[in-house]
Amino acid sequence: MNHSIYEHETTGTLMKQGYVALQETCTVEQAILHLREQVQGKRNIHYVYMIDEDQQLTGVLSVRELLAASDTEELADIMKKNLIYFPANLDQEEAAKVFRDKDLVSIPVVNKWKQLMGIIHVEDIIDVIHQEADEDIGKLTASGKEIDFHTRPLIAAGKRLPWLILLLFIGLISGGIIESFEETLEAVVALAFFMPMIAGMTGNTGTQSLAVVVRGLVSEKLDFKKATKLLWRELLVGIIIGLTCAIIIAFVAYIWRGSLMLGFVVGVSLLATLIIGTLAGTIIPLILYKCKADPAVASGPLITTINDILSLLIYFGIATMFISRIM
């Protein structure tokens, strides 16, 4: 079979010829004899496929069902007609979802006339799942899926630089925010001690939510109801994480700096930023998904940079509100 005539990463390029096809007019006894002849040199024969005189796929039987049937029965009378099959141009990622949902070990591939062309085994799909996961990880880290262990340093740097330069300029906004709250920072220098922690924690929780959403989008067909449920779930997760971390850091700030109000400001800021960071990591990939864009493109560095900006605004905003009580 010439796989070059099929589009890259489609079922046509994955299919193999190791299958057993029988005429639907055969009796069970004839089918078992044919099976013995055809099975030589073939591995993983779990199903026998039935075809008509035009070579069209009409039904399927497991080898166990075939052996258990009466010798005189015709295959057309006992075969399962509502079988699962793939067109030859289906994206391999969609095929992987079908394998997972239907729990089958092999699925046939047909052409536009429903003629049997080949078969895809579950072990071929496992390779696809690994490949797609590697691509998504590359997008999540903004490192590019074409970069591997063998990529030369200059090429690897060239593929990463445009994205990182963009993030660099977005990151300068953080500097502008700190400058605009310069008076607050000068009045209470201790606020600077907690800036890296708040920005880092917010970025981390956003990236975690992003990873959960991207993984969910790969395995689920998302509708409005599921999206709303996911959003509420992540909001509750953000509140639980935020409250826990806020209480801990408020206590640490109070013990370290001896200021109850400073501990309150840092704690409330962390609570607010963790909730917002979690929601940002959930909403951005969902918006991209609804806009028919790849949600994995909403990469970790982008979420982290956005959350840095939001966390600094919240932190210094709350600190400025309570500045007279902190001093």
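As named in an unreviewed UniProt entry, the protein chain is Magnesium transporter MgtE, taken from Oceanobacillus neutriphilus. One UniProt comment on the protein chain, placed under Sequence similarities (unreviewed entry), says "Belongs to the SLC41A transporter family."

(A) Structural view of helix 10 (residues 224-257). Here helix 10 spans 47 Å end to end across 34 residues, near enough to the 50 Å set by a 1.5 Å rise per residue. Among the residues of helix 10, those classed as buried are Ala227, Leu230, Glu234, Gly238, Gly242, Ala246, Ile249 and Ala253. Downstream of helix 10 by a residue or two, Gly258 has a phi angle that is positive, lying close to 70°.

(B) Focus on the UniProt feature "transmembrane region" (unreviewed entry) in the protein chain. Per the UniProt record, "transmembrane region" (unreviewed entry) is annotated on residues 161-181, 187-214, 235-256, 262-289 and 301-323. Taken end to end, residues 187-214 comprises 75% helix and 0% strand; its first and last C-alpha atoms sit 43 Å apart.

(C) Quick peek at the pattern of salt bridges. A complete count under the given rule lists four salt bridges for this structure. Put simply, Glu94 and Lys97 hold a salt bridge, and the shortest N to O gap is 3.6 Å. With Glu94 and Lys97 both in helix 5 (residues 92-102), this residue pair falls three residues apart, about one helical turn. With a shortest N-O distance of 2.9 Å, Arg233 and Glu234 are connected by a salt bridge. With relative accessibility at 39%, the residue Arg233 sits in the partly exposed group. Here Glu234 falls in the buried class, since its relative accessible area comes to 5%.

(D) Structural view of the pairing of strand 2 (residues 47-51). The buried fraction of strand 2 is high, at five of five residues. Where burial is concerned, the two faces of strand 2 agree: the one with Tyr47, Tyr49 and Ile51 and the one with Val48 and Met50 are both buried. Both strand 1 (residues 20-23) and strand 2 contribute to a ladder of four bridges, which runs parallel. Looking across to strand 2, one finds that Gln23 is bridged to Ile51. Once you follow strand 1 into helix 2 (residues 28-38) and on to strand 2, the crossover reads as right-handed.

Calculation rules
Residues numbered from 1 in each chain as written. Predicted model: local features only at pLDDT ≥ 70, side-chain atom pairs only at ≥ 80, totals over all residues. Heavy atoms only, no water. UniProt positions renumbered as here; feature names shortened; annotations may be inferred. Helix = DSSP H or I, 4+ residues; strand = E, 2+ residues; numbered from the N terminus. Expected span 1.5 Å × (residues − 1). Buried < 20%, exposed > 50% of the residue type's maximum accessible area, 1.4 Å probe, protein only. Salt bridge = Lys/Arg side-chain N within 4 Å of Asp/Glu carboxyl O. Pairing = 2+ DSSP bridges. Right-handed = clockwise from strand over helix to strand, strands pointing away.

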